[in-house]
Amino acid sequence: MSIIAIVGRPNVGKSTLFNRLVKRREAIVDSVSGVTRDRHYGKSEWNGKEFSVIDTGGYIVGSDDIFEGEIRKQVQLAIDEADIIVFVVDVEQGITPMDAEVAKILRQVEKPLFMAVNKVDNAMRDADAVEFYNLGLGDYYTISSINGSGTGELLDAIAGEIPEPEEDEEKQDELPRFAVVGRPNAGKSSFINALIGEDRNIVTNIAGTTRDSIDTKYNRFGFEFNLVDTAGIRKKSKVKEDLEFYSVMRAVRAVEHCDVAVLVIDATRGFEGQDEKIFWLAEKNRKGVVILVNKWDLVEKETNTMRDFEAKVRQAIAPFTDVPIIFISALTKQRIFKAIETAVEVFENRKRRIQTSKLNETMLEIMEHNPPPATKGKFIKIKYCMQLPTHTPQFAFFANLPQYIRDPYKRYIENQLREHYNFNGVPISIYFRQK
């Protein structure tokens, strides 16, 4: 999937444009952000093409004292990591020295580049926009990200640069794809090396989906799978924000191209903010998840240490708590095999299909005993359910008044499904529809 990065100096309307792009579809990925709490990563779809949008805006700490160097660094990051770049400028301010700086860097770029002149909401401003030809980036698109005018044309042009999705992508690669993700220094590389062992001849590098993550085919422990390795790639540790931004970008790519995300966390640091972001990224993308608590050999043990640690993690990932958590040590190779075995199980769970007759037999009885609470004196009756023919487990429940079914009941249904069928590690989608 293509990644589109929105760049530009502060206050030109990057975030508004970002919100406009991702709101075209409900699937906004919440709470996955750089340093601030804003939404900085979203998925969008236009003309039948899906893409991810990254707003580089909020990755700077400190609001007014933003240095040009920071902006330059962000633009460089976007150039390195994205497939398509949208450069936003502001017609009210005209060309500022910082715009000229950014344009200077962008003129060297070989990737598709679109300049969006924002805040053009009348004919007069349309005429003012001509000034931006002086940046030497060719044509521009006039938009008003507040009311949305012009964004359609911009999106049409962007979609034209996105390659058609390959039909046979699924077919050619039946092997499960596991992405090893996690914050820097959690032990991703050590985990992968522990898997490969000294026996290097089992590694065949397949050109990855990007020049960054390398797919490695493993055939070991009686399992065959592709490993998407995001570890140890071009460590950019100059600045904390860079690292943060890179690891989020890196995780975005790896998670989008995998079946199961193997999230490695550092036991000595606990389950931190960035671990949570990567977890929710996998959940929103409807991928399987396995959490590996690495460096367990370094933790001082008491009677309930493991139980307490696990409880804390489950509390942080609620309500999606039906996720395997395995305590490993990449160094001593403790439970490495268990980790892979579990990832394979989660992969199988994600493909699980339940026969409609069996599903109705189980679920209708449960819902009869505990129907949705009546709202406004109306009784809700669920008459039929089925699993939808999708890549990931999705279920439709047909009811007389689906609009009155609230979230708590939805969660109850999900818990019952999980109790009766094994969907450990896999997000489930549940829809209530009109019968």
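Parameters and conventions
- Residues numbered from 1 in each chain as written.
- Predicted model: local features only at pLDDT ≥ 70, side-chain atom pairs only at ≥ 80, totals over all residues.
- Heavy atoms only, no water.
- Salt bridge = Lys/Arg side-chain N within 4 Å of Asp/Glu carboxyl O.
- Buried < 20%, exposed > 50% of the residue type's maximum accessible area, 1.4 Å probe, protein only.
- pLDDT = per-residue confidence, 0-100.
- Contact = heavy atoms within 4.5 Å.
- Helix = DSSP H or I, 4+ residues; strand = E, 2+ residues; numbered from the N terminus.
- Axes fitted to C-alpha atoms, helices over the stretch in contact; angles between N-to-C directions.
- Parallel < 35°, antiparallel > 145°, perpendicular 65-115°, else oblique.
- Left-handed = near helix turned anticlockwise from the far one by under 90°.
- Nonpolar A, V, L, I, M, F, W, Y, C, P; charged D, E, K, R; others polar.
- Pairing = 2+ DSSP bridges.
- Right-handed = clockwise from strand over helix to strand, strands pointing away.

Asks: So what's going on with the pattern of salt bridges? Which residues, and what values?
Replies: The final tally for this structure, using the stated rule, is 15 salt bridges. Linking Arg125 and Asp121 is a salt bridge whose minimum nitrogen-to-oxygen distance equals 3.3 Å. Judged by relative accessible area, Arg125 falls into the partly exposed class, the value being 22%. With a relative accessible area of 45%, Asp121 lands in the partly exposed category. Linked through salt bridges whose partners overlap, the residues forming this network are Glu92, Asp121 and Arg125.

Asks: Could you give me a rundown of the confidence of the model for the protein chain, with the residues and numbers involved?
Replies: For the protein chain, per-residue confidence averages 81 on the pLDDT scale, and 81% of positions sit at 70 or higher. Contacts of residues 198-212 to residues separated by more than four positions or lying in other chains number 31 contacts, the stretch itself having pLDDT below 50.

Asks: Residues and numbers for the environment of Asn422, please.
Replies: By secondary structure assignment, the location of Asn422 is in the loop between helix 13 (407-420) and strand 16 (429-434). Each C-alpha atom of the pair Asn422 and Glu345 lies 9.6 Å from the other, and the pair is 77 residues apart in sequence. Beyond its immediate stretch of four places on either side in the chain, Asn422 contacts Asn349 and Arg352.

Asks: With reference to specific residues and values, describe the side chain of Thr342.
Replies: With respect to the helices and strands, Thr342 occurs in helix 11 (residues 336-350). Excluding anything up to four places from it in sequence, Thr342 contacts Val290, Pro324 and Ile326.

Asks: Could you give an account of the packing of helix 12 (residues 356-369) against helix 13, naming the residues involved and the relevant values?
Replies: At a minimum axis separation of 11 Å, helix 12 and helix 13 run at an interaxial angle of 135°. Classified by the angle between their axes, helix 12 and helix 13 sit oblique to one another. For the crossing formed where helix 12 meets helix 13, the hand is right-handed. Residues Leu359, Thr362, Met363, Ile366 and Met367 of helix 12 form the contact with helix 13, whose participating residues are Tyr409, Tyr412, Ile413, Gln416, Leu417 and His420. For the contact of helix 12 with helix 13, the residue count by class is 8 nonpolar, 3 polar and no charged.

Asks: Please give an account of the sheet that holds strand 15 (residues 394-399) that cites residues and values.
Replies: The strands making up a sheet are joined through hydrogen bonds of the backbone, oriented either antiparallel or parallel. As summarised here, the arrangement of the 3 strands in space is 14-15-16, forming an open sheet in which the pairing is mixed. Only two strands of the sheet have a single neighbouring strand rather than two, namely strand 14 (382-387) and strand 16. Sheet twist, expressed as the mean angle between neighbouring strand axes with direction ignored, is 20°. Judged from the 6 bridges that link them, strand 15 and strand 16 form a sheet pairing that is parallel. Residue pairing in the sheet places Phe395 in a bridge with Ile430 of strand 16. This element, helix 12, spans strand 14 and strand 15 of the sheet and lies at about 140° to strand 14. Contacts between helix 13 and the sheet are confined to strand 14, strand 15 and strand 16, with strand 16 contributing the most and set at about 120° to the helix.

Asks: Outline the pairing of strand 11 (residues 260-266), listing residues and values.
Replies: Along strand 11, 7 of the 7 residues are buried, which leaves the element largely enclosed by surrounding structure. Side chains Val260, Val262, Val264 and Asp266 project from strand 11 onto one buried face, and the interleaved Ala261, Leu263 and Ile265 project onto a second face that is buried too. Where strand 7 (residues 177-181) and strand 11 come together, 4 bridges link them in parallel fashion. When the bridges of strand 11 are listed, Ala179 appears paired with Ala261. Bridge count for strand 11 against strand 12 (residues 288-294) is 7 bridges, and the pairing is parallel. Within the sheet, the bridge partner assigned to Val264 lies in strand 12 and is Leu292. Taking the sense of rotation as the criterion, the β-α-β connection linking strand 11, helix 9 (residues 273-284) and strand 12 turns out right-handed.

Asks: Lay out the sheet that holds strand 4 (residues 84-90) with the relevant residues and their values.
Replies: Spatially, 2-3-1-4-5-6 is the arrangement adopted by the 6 strands of the open sheet, whose pairing is mixed. A strand with exactly one partner marks an edge of an open sheet, and here the two such strands are strand 2 (41-46) and strand 6 (141-142). Relative to strand 3 (residues 49-55), strand 2 runs antiparallel, the two being bridged by 6 bridges. Bridging across to strand 3, Tyr41 finds its partner in Ile54. In the packing of helix 1 (residues 14-22) onto the sheet, contacts are made with strand 1 (2-7), strand 2, strand 3 and strand 4, and the angle to strand 3 comes to roughly 155°. Each of strand 1, strand 4 and strand 5 (113-118) touches helix 3 (residues 97-106); the most contacted strand, strand 4, lies at about 160° to it.

Asks: Residues and numbers for the pairing of strand 14, please.
Replies: The pairing of strand 14 with strand 15 spans 5 bridges and is classified as antiparallel. In the strand pairing of strand 15, Cys385 is matched with Phe397. A loop of 6 residues connects strand 14 with strand 15, the two strands running antiparallel in sequence.

Asks: Before we move on, could you go through unusual backbone geometry and cite the residues and values that matter?
Replies: Of note, the amide linkage connecting Ala318 to Pro319 takes the cis form, showing an omega dihedral of 5°. In this fold, Pro319 is placed in the loop between helix 10 (305-317) and strand 13 (325-327).

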